[in-house]
Amino acid sequence: MLWVKRRFAAENATEQRCRYFSKARKFVCRVKVPPGVDDTKPLVVSTCVSNGAGGSAGEDRIITLSSVLKPDPPLNVTVEALEKAPQRLRVNWSYPSSWDPRFYWLRFQVRYRPEPTQAFTEVDQVTTTWLDIRDAWRGTRHVVQVRAQEEFGHGAWSEWSREAVGTPWTDPRDLTSEMGPFSSQFPMEDGTYGVTLPPELFGEDADDDAGGAIVEASARSVASPYAALVAGGSLLLGIALFVGIVVRYRQTWRTHGQRGAKPEGEGQHVLVPLGPPSPPLSETPLLSPPSAPGGLHVTNLDYFFSGQ
């Protein structure tokens, strides 16, 4: 039982029954505040435990309602993936049923972590009942919790809510794991890796106790089809360039060979005399001697016999 009365007030204490929770092994006492009472005014409270054999009262404690205010944890915490957003998560929750938001609101704190780690990331001063996480790890499940406090910071934070989990959206075309969820790789003694495949790949009659067939694979990781296509295309392009260079140089060598081999007689200059050699100037007389009359060529005999 809880006794409550205002400090410095000449009034009797009011009695309020407390509830015992056997699993938690503790009593919970709710203080009913009359309307119009200032929550900053001090109150004197004490507890009394009684049974059939007798009772015992505890010491008085002076409190204020604002200092001992502690909301219940938020309810219905859910984590959802956002389509086409591989690094985002949407967290939703609701007010605890014991808190009436018509009088005072709550502010919230959200913390989350990827499952491989133990360190939480916290987001403060959240006044809505939802939050978008924008730095989630791709393809990794996250753990999220929420707690609440009175909007002006009075009192203490509530306990953390139950854990909620969620995984960001993953593109179905993203082949980050070629072997699927049933495959695993483990090192072999010879330095290679063994790949465990599901029995369904080998028929329905496979032994259930075999745990899948073991296939030896090279130490290199399995490449995606895109990488194989890129490698094949690069190889074909390199071969085409090499063939083109060889053909080009062969044509150049043939052209130089034809220019180097000259036909017979080409390049040999033949001297052709232009006329008889001229005598030297010392042997040529300055005046020519009169020449004897030569033979007549008669073309018109009537001219000579005409008397003219």
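Quick notes on the rules
Residues numbered from 1 in each chain as written. Predicted model: local features only at pLDDT ≥ 70, side-chain atom pairs only at ≥ 80, totals over all residues. Heavy atoms only, no water. Phe/Tyr/Trp six-rings, centres within 6.5 Å; stacked < 30°, edge-to-face > 60°. Helix = DSSP H or I, 4+ residues; strand = E, 2+ residues; numbered from the N terminus. Buried < 20%, exposed > 50% of the residue type's maximum accessible area, 1.4 Å probe, protein only. Lys NZ or Arg CZ within 6 Å of the ring centre and 35° of its normal. Pairing = 2+ DSSP bridges. Axes fitted to C-alpha atoms, helices over the stretch in contact; angles between N-to-C directions. Lys, Arg positive; Asp, Glu negative; His and termini not counted. Salt bridge = Lys/Arg side-chain N within 4 Å of Asp/Glu carboxyl O. Polar contact = N/O pair within 3.5 Å; in protein donor to acceptor, adjacent residues only side chain to side chain. Contact = heavy atoms within 4.5 Å. Core = buried A, V, L, I, M, F, W, Y, C linked by side-chain atoms within 4.5 Å. Patch = residues over 30% accessible without salt bridge, like charges linked within 9 Å, V, L, I, M, F, W, Y side chains within 5 Å. Areas by Shrake-Rupley, 256 points an atom, 1.4 Å probe, with all protein chains shown as cover.

A.B. asks: Describe the packing of aromatic side chains, and please don't skip the residues or the numbers.
C.D. replies: Within this structure, the stated rule accounts for three aromatic pairs. For the ring pair Tyr-20 and Phe-27, a centre distance of 4.8 Å and an interplane angle of 50° mean the geometry is tilted. Residues Tyr-95 and Phe-108 carry aromatic rings whose centres are separated by 5.5 Å and whose planes lie at 85° to one another, so their mutual orientation is edge-to-face. Within this pair, whereas Tyr-95 is found in the loop between β9 (89–94) and β10 (106–114), its partner Phe-108 is found in strand β10, the two being separated by 13 residues in sequence. Phe-108 sits in the buried class, given a relative accessible area of 0%. Taken together, the ring pairs connect Trp-93, Tyr-95 and Phe-108 into an aromatic cluster. The aromatic ring of Phe-120 is capped on one face by Arg-111, whose charged end is 4.2 Å from the ring centroid.

A.B. asks: Can you tell me about the sheet that holds strand β12 (residues 130–133), naming the residues and giving the values?
C.D. replies: On the basis of which strands lie adjacent, the open sheet formed by three strands has the order β8-β9-β12 and antiparallel pairing. Sheet topology places β8 (75–81) and β12 at the edges, where each strand pairs with a single neighbour. Between one strand axis and the next, the sheet turns through 15° on average, direction left out of account. With four bridges joining them, β9 and β12 adopt antiparallel strand pairing. Looking at the pairing, Leu-89 lines up with Ile-133 of β12.

A.B. asks: Lay out unusual backbone geometry in plain terms, naming residues and giving numbers.
C.D. replies: Phi at Asn-76 takes a positive value of approximately 55°, unusual for a residue other than glycine. Turning to its location among the elements, Asn-76 is positioned in strand β8. Here Gln-125, not a glycine, exhibits a phi torsion of approximately 55°, which is positive. Using a relative accessible area of 56% as the deciding quantity, one classes Gln-125 as exposed.

A.B. asks: Give me the lowdown on the side chain of Arg-113, citing residues and values where you can.
C.D. replies: Inspection of the secondary structure puts Arg-113 in strand β10. For the buried Arg-113, no salt bridge is present, and the opposite-charge side chain at shortest range is Glu-163, 4.5 Å distant. A polar contact of 2.8 Å, which involves the side chain of Arg-113, links it to the backbone oxygen of Thr-117. Ignoring anything within four residues of it in the chain, the contact list for Arg-113 reads Gln-118, Ala-119, Phe-120, Arg-141, His-142 and Val-143.

A.B. asks: Outline the environment of Gly-58, supporting the account with residue identities and numerical values.
C.D. replies: Its location among the elements puts Gly-58 in the loop between β6 (54–57) and β7 (61–64). With ten residues separating them in the primary sequence, Gly-58 and Cys-48 have C-alpha atoms 6.1 Å apart. Gly-58 has contacts with Ser-46 and Thr-47, leaving out every residue within four places of it along the chain.

A.B. asks: Kindly report on the nonpolar core, identifying the contributing residues and their values.
C.D. replies: If you look at the biggest cluster of nonpolar residues, it comprises 19 residues, and the most contacted ones within it are Val-91, Trp-93, Phe-108, Ile-133, Val-144 and Val-146. For this core, the secondary structure elements donating two or more residues are β8, β9, β10, β12 and β13 (142–150). If one sorts the elements of this core by residue count, β10 sits on top with four residues. Here Ile-133 is in contact with Gln-87, Arg-88, Leu-89, Val-91, Tyr-112 and Val-144, once residues within four sequence places are set aside. Counting six residues, the second largest nonpolar core, distinct from the first, contains Leu-2, Leu-43, Val-45 and Leu-65.

A.B. asks: I'd like a rundown of the sheet that holds strand β14 (residues 164–166), residues and numbers included.
C.D. replies: If you trace the four strands from one edge of the open sheet to the other, you get β11-β10-β13-β14, paired in antiparallel fashion. Only two strands of the sheet have a single neighbouring strand rather than two, namely β11 (121–126) and β14. For this sheet, the mean inter-axis angle between neighbouring strands, taken without regard to orientation, is 25°. Strand direction decides the pairing type here: β13 and β14, joined by three bridges, are antiparallel. Of the residues in β14, the one forming a bridge with Val-144 is Ala-164.

A.B. asks: Let's hear about the pattern of salt bridges: which residues, and what values?
C.D. replies: On inspection of all chains with the given rule, the structure shows six salt bridges. In the salt-bridge network here, residues are joined through shared partners; they are Arg-88, Arg-90 and Asp-132.

A.B. asks: Outline the environment of Trp-130, listing residues and values.
C.D. replies: By the element assignment, Trp-130 lies in strand β12. For the pair Trp-130 and Val-91, spaced 39 residues apart in sequence, the C-alpha to C-alpha distance is 5.4 Å. Residues within four places of Trp-130 in sequence aside, it is in contact with Arg-90, Val-91, Asn-92 and Trp-93.

A.B. asks: Summarise a nonpolar patch on the surface; cite the residues concerned and give the values.
C.D. replies: A surface patch of nonpolar side chains, amounting to about 680 Å² of accessible area, comprises Leu-235, Leu-236, Ile-239, Phe-242, Val-243, Val-246 and Val-247. Along the chain, Val-246 turns up in helix α1 (residues 225–260).

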